[in-house]
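# Remarks on the overall topology
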Amino acid sequence: MSDPSGLNRREFLGAGTLAAAVLASAGAKAAERIAAADIDALLARMTLAEKLGQLAQARGQRNDTGPYVPAGSEADVRAGRIGSFLSVYGADTTRRLQRIAVEETRLGIPLLFADDVIHGFRTIFPVPLGEAASFDPAAAEKAARIAAVEATANGLHWTYAPMVDMARDPRWGRVVEGAGEDVELACRFAEARVRGFQGGKLSDPDAMMATAKHFVAYGAAEGGRDYDVADVSPRRLAEYYYPPFQAAIAAGAASVMAAFNEVNGVPMHANRELLRGVLRGAWKFDGLIVSDYTGIRELVAHGVAADDAEAGRLAMEAGIDIDMVSGIYADLLPAEGKAGRLDIAFVDAAARRLLKAKAALGLFADPYRNCDPARAKRDTLRREHRTAARDLARKSTVLLRNEGQVLPLSKAVRSVAVIGPLADDRRSMLGSWAPTGVAADAITPREGIAAALGSATRVLHAAGGEAALAAARDADAVILCLGEDWDMSGEARSRVALDLAPDQQALADAVLALGKPVATVIFAGRPLTIGALANRAPAILWAWHPGVEAGAALADLLFGDVSPSGRLPISFPRHVGQIPIHYDHRSTGRPASESERNSAKYVDAPWTPLYPFGHGLTYASVRYEALTLSSERVAPGAALDVAFWIANEGRFAVEEVVQLYLHDEVASTTRPVKALKRFARIALAPGERKRARFTLTAADFALLDADLAPVVEPGGFSLFVGGSSETALEARFTVEG
Ligand code: BGC
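Note that the coordinates shown come from a computational prediction; the quantities given were computed from them, not determined experimentally. Residue positions are given per chain, counting from 1 as you read along its sequence in written order. Whole-chain, interface and lining totals are the exception, using all residues; otherwise, since this is a predicted model, local features are given only for residues with pLDDT of at least 70 and side-chain atom pairs are given and counted only at 80 or more. Side-chain numbers here rest on the full set of heavy atoms in the structure, without hydrogens or water.

### Description of the overall build of the protein
The criterion, for reference: In this text, helices come from DSSP runs of H or I with a minimum length of four residues, and strands from runs of E with a minimum of two, each type numbered from the N-terminal end. Only C-alpha atoms enter the radius of gyration; for comparison, a globular chain is expected to reach 2.2 Å times N to the power 0.38, where N is the number of residues. Relative accessible area decides the class of each residue, using a 1.4 Å probe on protein chains only: under 20% of the type maximum gives buried, over 50% gives exposed, and in between gives partly exposed.
Within the protein, the regular secondary structure consists of 25 helices and 28 strands. Here the C-alpha atoms of the protein give a radius of gyration of 27 Å, agreeing with the 27 Å that 2.2 N^0.38 yields for 737 residues. By its C-alpha atoms, the protein is 75 × 70 × 45 Å across when sized along the principal axes. Expressed as a percentage of its 737 residues, the buried residues of the protein come to 61%.

In structure tokens, the structure reads:
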């Protein structure tokens, strides 16, 4: 206990067996010893207003110098009207507030500090969609672990990540926060990130609670407009939107956040069927359910609550435990409860869950566990954290195109022009959702390239216009940095057009006309429709927003120290009109075909994407061969071993992302033409040949029947392997009945 004196004076310590447990503890182990009975004893001492105060989350403010606590919050903490804070961090600030909660409130219950630690705390990693392009969940787990080490060293206990929303609509700006279009990939990243944030056990000093958000179908927003209606079938929910939440919960996610949107006519903040029915009931989720921001108050704008008080009642009854910043639970629900309009059992259950979470985090044993400035100094932006960010930035970058092997560029160039609006835009390297990041930490492409080349090479730079063209004219090679700035993707950043900005396209056209070696690097939080560029630009690297090590990682790739290895976690459309476009579509009764007039296609454009899911080149050419199955007939419940060879036929060491897809040929409900089941990164030295092996189990052959029950139906399957969803090899097998 780092601050026993504060605790000893408080009435909190008279709180029956809970206090006894706290007193008995000489260290953090007390957390696990606080039993349900202790929590009940504490609850029994709480007034309705105190319980609702615990369920209220207040918001800090942020400005250029970091967070601060708005006037009035301290008095609210003292009065027991705040149980947690959003966006307040820092070892000193949190200690000051925690001391008020522990020493100056009637019950001395410690505060929780929460924030959006999405892809790093101070060491910012690639945006989540970029991390997913690594196809390396272990690297994402490590990134989340590092984020938690830094965040907990700076006062935080709880992150609002991972975002596990599925989306097939890049108009929706929040695709940047997810893991792309594919369920298998999304599930592997969801569980990896939860494990990373939460570490070994929550009472560990560097562990923080993770939040799977936003439940549910937020990415199904009509028209790709953020917050808009989701109207989705039960099948689509079960097959597509639920699995990453289930994976996150199976990995132990301590909390779930409700989504802003309505689903099938009922806003999620009032959706009893999905919160209490599915999440709590069918899935037995017993962690915290937190509202999204003012989601409770927004029930009025949705038109399902007449006023704030009704909104609060509906949310509480639907199962929302914590009111993030609406103020409604603390301000209005005590009176609703007293007037008999609200069943207090809901409040008790929610407060019990919150106290359990505080106990699990070890806060009753040591309220100041995350308030040590020395630790903050030691653990923030460590050198090895930056090394991990550089590694993940390299792995996340996707080489879309490399005609004539323009890349890698030679380091022997005498001059290189690093031009375009993103070439030296520090803030944009961090991406849209890095509230605790610091732009000054980021290495821009211009800086990274200059550092890699040394003083013998002249690095010319201009952001755009005639100056950029002039720099390109003067240089031996050009690195053209285009795309979206940090503020063009993310929340409330929906777009109707996904083309490059006209001035960027014009710059690209002019530079490409010079006939020099040009590598185009695109930064973006979503797929863009870059057909016009792809027709002309020989080499395109898709860098997303790579994080603090952006420029260093890009230099590693551009000059061939490391081969690109990222793969697209989401299909790139040719036209916005193709959206939603995804590789795992159904066949339809009239599958798209060149020769069939009346088939599922367009008359004015191809039906295929510009770049498919899973696509990404390396600096080598990797050959796939000799696909074998352990058996062509799989007995019920049995596993199937799959093996094949991959051979590096190039001059560069690479990491190849091998991908295995299945198609159930005939089933009682329609199945995707292809669905990703396994993937792995395999390192190959030049000339090296390796055997890749995967084992499929009965769960991989299952589908949801007409009643949405999982079943394995006997029959034929096609199996595909390759380096993208446009696979190289195919085999067939039969699952026996
Ligand atoms: C977002 C959430 C986020 C919350 C708190 C909301 O606007 O939808 O994802 O956790 O703000 O910052």
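Alright, that's what it looks like, and here's the rest.
### Quick look at the sheet that holds strand 4 (residues 84–86)
What counts here: What makes two strands pair is DSSP finding at least two bridges between them.
Here 5 strands make up an open sheet; going across it, the order is 6-5-4-1-12 and the pairing parallel. The sheet terminates laterally at strand 6 (158–159) and strand 12 (323–324), the two strands that pair on one side only. As defined by bridge partners, strand 1 (residues 56–59) adjoins strand 4 across 3 bridges and the pair is classed as parallel. When the sheet's bridge partners are listed, Gln 57 is paired in strand 4 with Ser 84.

### Observations concerning the sheet that holds strand 11 (residues 288–290)
Note the threshold: For every element, the axis is a line fit to its C-alpha atoms; helices are fit only across the contacting stretch, and the angle between N-to-C directions ranges from 0 to 180 degrees. Note on definitions: a residue-residue contact is assigned when non-hydrogen atoms from the two residues lie within 4.5 Å.
Strand order across the open sheet formed by 3 strands is 7-8-11, with parallel pairing between neighbours. If you trace the sheet from one side to the other, it starts and ends with strand 7 (211–215) and strand 11, each paired once. The sheet shows a mean angle of 25° between the axes of neighbouring strands, taken without regard to direction. Both strand 8 (residues 255–258) and strand 11 contribute to a ladder of 3 bridges, which runs parallel. Bridged to Val 256 within strand 11 is Ile 289. Contacts from helix 12 (residues 243–250) reach strand 7 and strand 8, with the element oriented near 160° to strand 7.

### As for the side chain of Arg 401
Test applied: The positive count covers Lys and Arg only, the negative count covers Asp and Glu only, and His and the chain ends enter neither. Only one rule defines a salt bridge in this text: a Lys or Arg side-chain nitrogen within 4 Å of an Asp or Glu carboxyl oxygen. Pairs of N or O atoms within 3.5 Å make up the polar contacts considered here, provided that, within protein, one atom can donate a hydrogen while the other can accept it, and that residues adjacent in sequence are counted only when both atoms are side-chain atoms.
With respect to the helices, strands and loops of the structure, Arg 401 is situated in strand 13 (residues 398–402). Here Arg 401 sits buried without a salt bridge, and the closest side chain of opposite charge, Glu 403, lies 4.3 Å off (N-O distance). There is a polar contact of 3.1 Å between the side chain of Arg 401 and the backbone oxygen of Ala 534. Beyond its immediate sequence surroundings of up to four residues, Arg 401 is in contact with Ala 534, Asn 535, Ala 537, Pro 538, Ala 539, Ile 540, Tyr 611 and Leu 617.

### As for the nonpolar core
Put simply, the test is: As used in this record, nonpolar core signifies buried Ala, Val, Leu, Ile, Met, Phe, Trp, Tyr and Cys residues forming a set joined through side-chain atoms within 4.5 Å.
Core analysis: the biggest nonpolar cluster contains 157 residues, and Phe 85, Phe 215, Val 216, Met 316, Ile 530 and Trp 542 have the highest contact counts within it. Here this core gets 8 residues from one element, more than from any other, and that element is helix 10 (residues 183–198). With residues up to four places along the chain from it excluded, the contact list for Ile 530 reads Leu 400, Leu 500, Ile 522, Ile 540, Trp 542, Leu 610 and Tyr 611. In this structure, Val 406, Ala 442, Ile 449 and Leu 719 belong to the second largest nonpolar core, which totals 66 residues.

### A short note on the pairing of strand 17 (residues 518–523)
The buried fraction of strand 17 is high, at 6 of 6 residues. Of the two faces of strand 17, the one lined by Val 518, Thr 520 and Ile 522 and the one lined by Ala 519, Val 521 and Phe 523 are each fully buried. Across 6 bridges, strand 16 (residues 477–483) lies against strand 17 in parallel orientation. Within the sheet, the bridge partner assigned to Leu 480 lies in strand 17 and is Thr 520.

### Quick look at the packing of aromatic side chains
To keep it simple, the criterion reads: Planes of paired rings set the category: under 30 degrees apart is stacked, over 60 is edge-to-face and the rest tilted, where pairs are Phe, Tyr or Trp rings (Trp by its six-membered ring) whose centres lie within 6.5 Å. To sit over a ring, a charge needs its Lys NZ or Arg CZ within 6 Å of the ring centre and within 35 degrees of the ring normal.
Enumeration over the complete set of coordinates arrives at 25 aromatic pairs. Relative to Tyr 242, the ring of Phe 215 lies with its centre 6.1 Å away and its plane at 15°, an arrangement referred to as stacked. One end of the pair, Phe 215, is in strand 7; the other, Tyr 242, is in the loop between helix 11 (234–241) and helix 12, and 27 residues separate them in sequence. A residue is classified by how much of its surface remains accessible, and Phe 215, at 0% relative accessible area, is buried. Aromatic pair Phe 701 and Phe 717: ring centres 5.5 Å apart, planes at 55°, arrangement tilted. Placement of the pair is Phe 701 in the loop between strand 24 (689–696) and strand 25 (702–704) and Phe 717 in strand 27 (residues 715–722), with a sequence separation of 16 residues. Note on accessibility: Phe 701 and Phe 717 belong to one class, buried. Of the aromatic side chains, those joined through ring pairs into one cluster are Phe 135, Tyr 583, Phe 613, Tyr 661 and Phe 679. A cation sits over an aromatic face here: Arg 168 above Tyr 240, 3.7 Å from the ring centre.

### Description of the confidence of the model for the protein
Stated precisely, the cut-off is as follows: pLDDT gives the predictor's per-residue confidence on a scale running from 0 to 100.
On average, the protein scores 94 in pLDDT, and the residues at 70 or more come to 95%. Averaged pLDDT values over the elements of the protein bottom out at 32 in helix 1 (residues 4–8) and peak at 99 in strand 8.

### Some words on the site of the ligand
Put simply, the rule reads: For this description, a residue counts as near a given molecule or strand if any of its non-hydrogen atoms is within 4 Å of it. Computed with the Shrake-Rupley method and a 1.4 Å probe, the accessible areas treat only the protein chains shown as cover for residues. By the convention adopted, Pro, Cys, Tyr, Trp, Phe, Met, Ile, Leu, Val and Ala count as nonpolar, Lys, Arg, Asp and Glu as charged, and the other residues, Gly among them, as polar.
Taken together, Leu 86, Asp 116, Tyr 160, Arg 174, Lys 213, His 214, Met 257, Phe 260, Asp 292, Tyr 293, Met 324 and Glu 491 form the complete shell of residues around the ligand. At a separation of 2.6 Å, an oxygen atom of the ligand approaches a polar side-chain atom of Asp 292. Within the side chain of Glu 491, an N or O atom sits 2.7 Å from an oxygen atom of the ligand. Its free accessible area being 310 Å², the ligand has 92% of it covered by the protein chains. A class-by-class count of the residues in the shell around the ligand yields 6 nonpolar, 1 polar and 5 charged.

### Some details on the packing of helix 13 (residues 272–282) against helix 15 (residues 308–318)
So the rule is basically this: Roughly parallel covers angles under 35 degrees, roughly antiparallel covers those over 145, roughly perpendicular covers 65 to 115, and oblique covers all other angles. Take the far helix as your reference; a near helix turned counterclockwise from it by less than a right angle gives a left-handed crossing, and one turned clockwise gives a right-handed crossing.
Where helix 13 contacts helix 15, the axes come no closer than 8 Å and their chain directions differ by 20°. Taken together, helix 13 and helix 15 sit at an angle that is classed as roughly parallel. Considering only the axes of helix 13 and helix 15, their crossing is right-handed. The segment helix 13 lies against helix 15, with Arg 272, Leu 275 and Arg 276 engaging Met 316, Glu 317 and Ala 318.

### Observations concerning unusual backbone geometry
Excluding glycine, residues mostly have negative phi values, and the peptide bonds linking residues are mostly trans. The linkage connecting Ala 161 with the following residue, Pro 162, adopts the cis geometry, with an omega of 5°. The step from Lys 213 to His 214 runs through a cis peptide bond, and the omega angle for that step is -5°. With respect to the secondary-structure elements, His 214 resides in strand 7. One non-glycine residue, Val 325, lies in the positive phi region at around 60°. Structurally, Val 325 can be placed in the loop between strand 12 and helix 16 (328–338).

### Concerning the pattern of salt bridges
Going through the model one piece at a time under the given rule, you end up with 56 salt bridges. The closest approach of N and O atoms between Arg 681 and Glu 655, which form a salt bridge, is 2.7 Å. Highlighted residues: Arg 681 in strand 23 (residues 675–684) and Glu 655 in strand 22 (residues 654–664), separated in sequence by 26 residues. Overall, Glu 655 belongs to the partly exposed group, its relative accessible area being 29%. When salt bridges that share partners are traced, they join Arg 280, Asp 286, Asp 321, Arg 353 and Lys 356 into one network.

### Notes on helix 16
Residues Ile 328, Tyr 329, Ala 330, Leu 333, Pro 334, Glu 336 and Gly 337 constitute the buried set of helix 16. Residues of helix 16 that are buried sit in contact with helix 5 (48–54), strand 1, helix 15, strand 12 and helix 17 (344–360). Phi for Gly 340, located one or two positions after helix 16, is positive at around 80°.

### Focus: the packing of helix 9 (residues 137–153) against helix 10
Between helix 9 and helix 10, the shortest axis-to-axis distance is 7 Å and the interhelical angle comes to 30°. Put simply, helix 9 runs roughly parallel to helix 10. Crossing angle aside, the handedness with which helix 9 passes helix 10 is right-handed. Packed against helix 9, whose contacting residues are Pro 137, Ala 140, Glu 141, Ala 144, Arg 145, Ala 147 and Ala 148, the element helix 10 presents Arg 188, Phe 189, Ala 192, Arg 193, Arg 195, Gly 196, Phe 197 and Gln 198 at the interface. Residue composition of the contact of helix 9 with helix 10, by class: 8 nonpolar, 2 polar and 5 charged.

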